[in-house]
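Listed below are the residues making up each chain.
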Amino acid sequence: MQKTIYIFIAFLLCMATSATAQDERLTANFQVQGRHGTKGTPAVYPTSYAVFKTVKKAKDVMDKLQAAIITDGYPGGPEYDNALVKYNVRFKRAKANGTFNVRAYPGQCVLVYVNEQSFQIFEIKDGKTDYNEVVEFKMDGMHTLDNVNVDGNRKKMHIPFIVDGGDDDGVNMAVHISFDLPEGITGKDTRVFVQPMAIDCQTEDTVNYVTPLVYAGRRYHRLQDRRMNFDFYKNEPEVIAQGFVKGRPLLDGQSLHVDTIVMYKKKDPNKDYKIFCDILVEDYTHSYMRLNTVGSCNKRKMFKFLNLKGVSADMPLEEFRIDAEETMRAVPRDLKLNFVVGKSELTADSLNDVRLEMLIKEMKEYGEQLMRVEIEAYSSPDGGYEKNLKLAQDRGRVAMNLVMRGLGRADVTKGLKTRVYTWDEVAAELENKGKKELADSVREIIASGAKYPIVKVGELQGFTDHILPVLESMRSMRCVYKYEQMHIMNSDEVLDYYAKNKKKLIAGDKSVNLSDGDYYNLFASVKDSLEQDTITMLAYRHMVSQPNYEKLKFSQYVANRMAIMQLRQGHPSTETLAAFVDTTSNRVTEAYLGNNREARERVQMNRRQILINHILAYYQLEKRDSASRLLQFWFPTATDKEVVALRNYVNFKKNFLKYYSGKLSAEEAAEYKKTEEFVLNSSVSNRAVLYTEGRQFMGKSDAECREQIMKLADSDAKKWYLLAILEADKEAKRNVTDKNYIPLYLALFYKSFTIDPALRLTYFTDGQVSDSLRDKYKYRKRDIPKYNELLDEFLGKGKPADYEEELSGDDLDEDTDVKDKNVEQ
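Rules used in this analysis
Residues numbered from 1 in each chain as written. Predicted model: local features only at pLDDT ≥ 70, side-chain atom pairs only at ≥ 80, totals over all residues. Heavy atoms only, no water. Helix = DSSP H or I, 4+ residues; strand = E, 2+ residues; numbered from the N terminus. Buried < 20%, exposed > 50% of the residue type's maximum accessible area, 1.4 Å probe, protein only. Contact = heavy atoms within 4.5 Å. Areas by Shrake-Rupley, 256 points an atom, 1.4 Å probe, with all protein chains shown as cover. Salt bridge = Lys/Arg side-chain N within 4 Å of Asp/Glu carboxyl O. Expected span 1.5 Å × (residues − 1). Disulfide = S-S within 2.5 Å. Patch = residues over 30% accessible without salt bridge, like charges linked within 9 Å, V, L, I, M, F, W, Y side chains within 5 Å. Pairing = 2+ DSSP bridges. Arc of directions from axis to C-beta. Axes fitted to C-alpha atoms, helices over the stretch in contact; angles between N-to-C directions. Parallel < 35°, antiparallel > 145°, perpendicular 65-115°, else oblique. Left-handed = near helix turned anticlockwise from the far one by under 90°. Nonpolar A, V, L, I, M, F, W, Y, C, P; charged D, E, K, R; others polar. Phe/Tyr/Trp six-rings, centres within 6.5 Å; stacked < 30°, edge-to-face > 60°. pLDDT = per-residue confidence, 0-100.

## Some words on the overall build of the protein chain
Helix and strand counts for the protein chain come out as 30 helices and 21 strands. The buried share among the 825 residues of the protein chain stands at 47%. For the protein chain, contacts bridging at least 24 residues in sequence account for 71% of all contacts bridging at least 6. With the model as given, the accessible surface of the protein chain reaches about 42,600 Å², and the carbon-plus-sulfur share is 49%.

Shown next, in the form of structure tokens:
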């Protein structure tokens, strides 16, 4: 029995020791580059790695793999694949930048395989976590770039290679890839392998390998019945078969021009991706030329400016009729009472009585309309904070008592506000008055931690003339009384009030305000579209500032107007209508027109127009899964005009890129054309927007785009933004060497920003302007005067000599046709 207990205790101790044992593995961070020979420039190449428990094991596997490659005559052959299986080798792909991490014990090792050309072993050393390594492409029996007969001129040859940011419809990306391989680079015994890869713009991780493009010579295609694909550690030859470009054989003595669109279905519709593209030029045994470049994270999002008139759903204003109300007005008055220094006792000054009498008489004139009296008492910082605060409070109470005594039995509420100014505020006020040196001196005294700053400040030259007046102005008192304006403004009066106080209303000045009914009258009276947008913005801000605004029926109308305006301007938000949407119910409600007033004024959830605009906001934000789910949830079988229009728009967005990429059946294509015509004809601006932003796909010339753009009103920010896009196309082809040169397209963008400031943010993420052009010509505030000069010239006040020809419709730079519609999914 005793022996059993000992064994059990030993077992427990063993378990405890095991449980507390720490993982002694290290995290080794690798950054691997490759180079040709000892003098080559290190660069990032496709890299794979495997972890082995000993250096001996890794070296043995490396020898076997090298022997298999020599037997096959090229990497990735059958002997190589057999060796991977036989020796249980599991290679992992490093990131596109050549980095990877492994967890291993000291003494283990990592076998790295770089660019199909070189194996290298790295032992994990105790205490070493970072391995920044360069692998040289020199191995016995292997074909490397050094073995290829390439003349010196070809090695230095510059080959233009373009991968743009692409067109993004929220689900798919269509990326333009273009390059030219000159005569002599390829031939009938060669293959060109183009491998696009999707990279997460935020994390820089490679997330997908897009189906490659493979161009091969006829002899190569016949004799080489099996070659490795890009991910050559997997036996998937069908990937190459999918990417094989038929009808484009490589021929001796001919160049290869590739200008194509590659489609990528985004892994996550809510994320942004860029395309990294690798090109390998190969013969039967090795790669002898490599090109790579990366696209931009800026995308061409073609649908952001579409006018959804005919799709978005208005609500009839008459249904939300609301009477104007009495509004509260606030009247501030300085209360200049003189107190004994340091006390809350009024001086024996007749002016005190006169000022109080005038103020009380003014307030009494409002009678029962007088609602509230507030006293604001302030103190300067020259003294202890607690003492000054108490002094301000005591003086405020004295003033309040005097005012209330004068008002007699007036039924009003009252309030007292007090504060003590700081020395920093004193310094700031001095600086505002142009006394910066004096202000800096005050700041230095405060920073020194002086116990009684007023003593040091009082010694400054200029104290009496400049500092003392500031302190005295801070020892102020103000009375603010508020009264209810009983007069209800009619339509003409509210228009006049709005015109006079528009700037204050926009600035949020609390001294001016309008009631719900006043905004109703404005909506009913104002017809100008720009003024309607301003009123919508003000009314929305007014409604949501009220407690439980979602219970006010008029709020629903205002929010719906706001949502439509946001959709039209390209700034949608799913929050705007969220308060009037119940996602737990699939019931769609209509307007209630009964006789019961309380029922008529009740806010109804899930109004048809609200739901349609809410779904549109999701679509415009490219949240398509949510939008499709809501459309099916609320309108599974609806056939009314508004829902049919919504479905047409949805199908248009979903199929635009597929249609112009040849990915739709004949029946689907015919149906798509109907939806496209619907969108184009639903608004004057839509044709201009779609022609310009989709010009590469639709094959629209500069002249066709301009013709539609010039139909837009000068007050429409989209007009100038779209013209700027076309000008940027022209600028990309000009070779200007003048360092002081400022292109016209920046001035046109600036013009659009002055009308719609939110477009400035759109510009900085819009792939319609290439990264190279952005780097060459930066948008800068200091150049605004020059932008205005260029705009004057553009608008005819000194128009450039060559611009009349450009506006005439002559398309001298038409180059938007996609030459090779070889689109890969």
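## Thoughts on the pattern of salt bridges
Tallying each qualifying case throughout the model produces 33 salt bridges. In this structure, Asp640 and Arg608 form a salt bridge, with 2.8 Å as the shortest nitrogen-oxygen distance. Highlighted residues: Asp640 in the loop between helix H19 (624-634) and helix H20 (641-660) and Arg608 in helix H18 (residues 608-620), separated in sequence by 32 residues. One salt bridge connects Arg706 with Glu727, and the closest N-O pair in it is separated by 2.6 Å. A residue pair is termed long-range when its members are at least 10 positions apart, and Arg706 in helix H24 (residues 702-709) and Glu727 in helix H25 (residues 717-731) qualify at 21 residues. For Arg706, a relative accessible area of 4% puts it in the buried group. Residues joined in a network through salt bridges with shared partners are Glu431, Lys436, Asp440 and Arg443.

## Regarding helix H16 (residues 553-569)
An ideal rise of 1.5 Å per residue puts 24 Å on 17 residues; H16 measures up with 25 Å between its terminal C-alpha atoms. A positive backbone phi angle near 85 degrees is found at Gly570, which sits one or two residues after H16.

## Quick look at the state of the cysteines
A full pass over the atoms with the stated rule returns 1 disulfide. Each sulfur of the disulfide joining Cys201 and Cys297 lies 2.0 Å from the other. The disulfide joining Cys201 to Cys297 has a torsion of about -110 degrees about its S-S bond and is therefore left-handed. Taken together, the residues span a long stretch of sequence, with Cys201 in the loop between strand S11 (191-200) and strand S12 (206-209) and Cys297 in the loop between strand S16 (287-294) and strand S17 (327-334) at a distance of 96 residues. You can call Cys201 buried: its relative accessible area is 19%.

## Side note on a nonpolar patch on the surface
On the surface, a nonpolar cluster with roughly 280 Å² of combined accessible area is contributed by Leu351, Val354 and Met358. By relative accessible area, which is 41% here, Val354 ends up partly exposed.

## A few points about the pairing of strand S6 (residues 118-123)
Note that strand S5 (residues 109-114) and S6 share 6 bridges and pair antiparallel. In the strand pairing of S6, Leu111 is matched with Ile121. The hairpin formed by S5 and S6 contains 3 residues between the paired strands, and Asn115 there has a positive phi angle of roughly 55 degrees.

## Let's talk about helix H12 (residues 463-474)
Those residues of H12 that fall on the buried side of the exposure criterion are Phe463, Ile467, Val470, Leu471 and Met474. One side of H12 holds all its buried residues, which, seen down the axis, span an arc of 100 degrees. Exposed and facing more than 90 degrees away from the buried side of H12 are Thr464 and Asp465. Elements in contact with the buried residues of H12: strand S18 (370-379), helix H9 (423-432), helix H10 (436-447) and helix H11 (453-458).

## Quick look at the sheet that holds strand S2 (residues 47-52)
Read from one edge of the open sheet, 4 strands run S3-S2-S5-S6, paired in antiparallel fashion. Whereas interior strands pair on both sides, the edge strands pair on one side only; in this sheet they are strand S3 (92-93) and S6. Where helix H2 (residues 55-72) meets the sheet, it contacts S2, S5 and S6, and its direction lies at approximately 180 degrees from that of S6.

## What to know about the sheet that holds strand S7 (residues 130-136)
Judged by pairing direction, the sheet is mixed, and its 3 strands sit side by side in the order S4-S1-S7 without closing on themselves. The open sheet has two edge strands, strand S4 (99-104) and S7, and neither has a second partner. Put simply, the sheet's adjacent strands are angled 30 degrees from each other on average, direction ignored.

## Brief notes about the packing of H9 against H10
As a packed pair, H9 and H10 sit with axes 7 Å apart at the nearest point and diverge in direction by 165 degrees. With respect to H10, the axis of H9 lies roughly antiparallel. Between H9 and H10 lies a crossing whose hand is left-handed. Each of Trp423, Ala427, Ala428, Leu430 and Glu431 in H9 lies in contact with H10, whose residues at this interface are Lys436, Leu438, Ala439, Val442, Arg443 and Ile446. Taken together, the residues of the contact of H9 with H10 break down into 8 nonpolar, no polar and 3 charged.

## Comments concerning unusual backbone geometry
For Glu204, which is not a glycine, the phi torsion comes out positive at approximately 65 degrees. Tracing the backbone shows Glu204 in the loop between S11 and S12. Judged by its relative accessible area of 38%, Glu204 is partly exposed. For Asn606, which is not glycine, the phi torsion reads 60 degrees and is therefore positive. As for its position among the elements, Asn606 is in the loop between helix H17 (597-601) and H18. Residue Asn606 is classed as buried on the basis of its relative accessible area of 1%.

## Observations regarding the packing of aromatic side chains
We describe a pair of aromatic rings using the distance from one ring centre to the other and the angle between the two ring planes. Going through the model one piece at a time under the given rule, you end up with 37 aromatic pairs. Taking the centre distance of 6.3 Å and the plane angle of 85 degrees together, the rings of Tyr549 and Phe580 count as edge-to-face. Placement of the pair is Tyr549 in the loop between helix H15 (529-544) and H16 and Phe580 in the loop between H16 and H17, with a sequence separation of 31 residues. Each member of the pair, Tyr549 as well as Phe580, carries the same accessibility label: buried. Through successive ring pairs, a cluster of aromatic residues spans Tyr721, Tyr745, Phe749, Tyr750, Phe753, Tyr763, Phe764, Tyr779 and Tyr787.

## Describing the environment of Pro212
With respect to the secondary-structure elements, Pro212 resides in the loop between S12 and strand S13 (213-216). When the C-alpha positions of Pro212 and Asp278 are compared, they lie 9.5 Å apart, and in sequence the two are 66 residues distant.

## Side note on the confidence of the model for the protein chain
Predicted confidence across the protein chain gives a mean pLDDT of 79, with 84% of residues reaching 70 or more. Note on residues 16-21: pLDDT under 50 across the span, and 0 contacts to partners over four residues away in sequence or across chains. Below a pLDDT of 50 lies the segment residues 225-237, which in the model reaches 44 contacts outside its immediate sequence neighbourhood of four places, other chains included.

## Some remarks on the packing of H16 against H18
Axis separation between H16 and H18 bottoms out at 10 Å; the angle between their running directions is 30 degrees. With respect to H18, the axis of H16 lies roughly parallel. Once H16 is placed against H18, the crossing between them reads as left-handed. The segment H16 lies against H18, with Gln556, Asn560, Ile564 and Leu567 engaging Gln609, Ile610, Asn613, Leu616, Ala617 and Gln620. Here the residues of the contact of H16 with H18 sort into 5 nonpolar, 5 polar and no charged.

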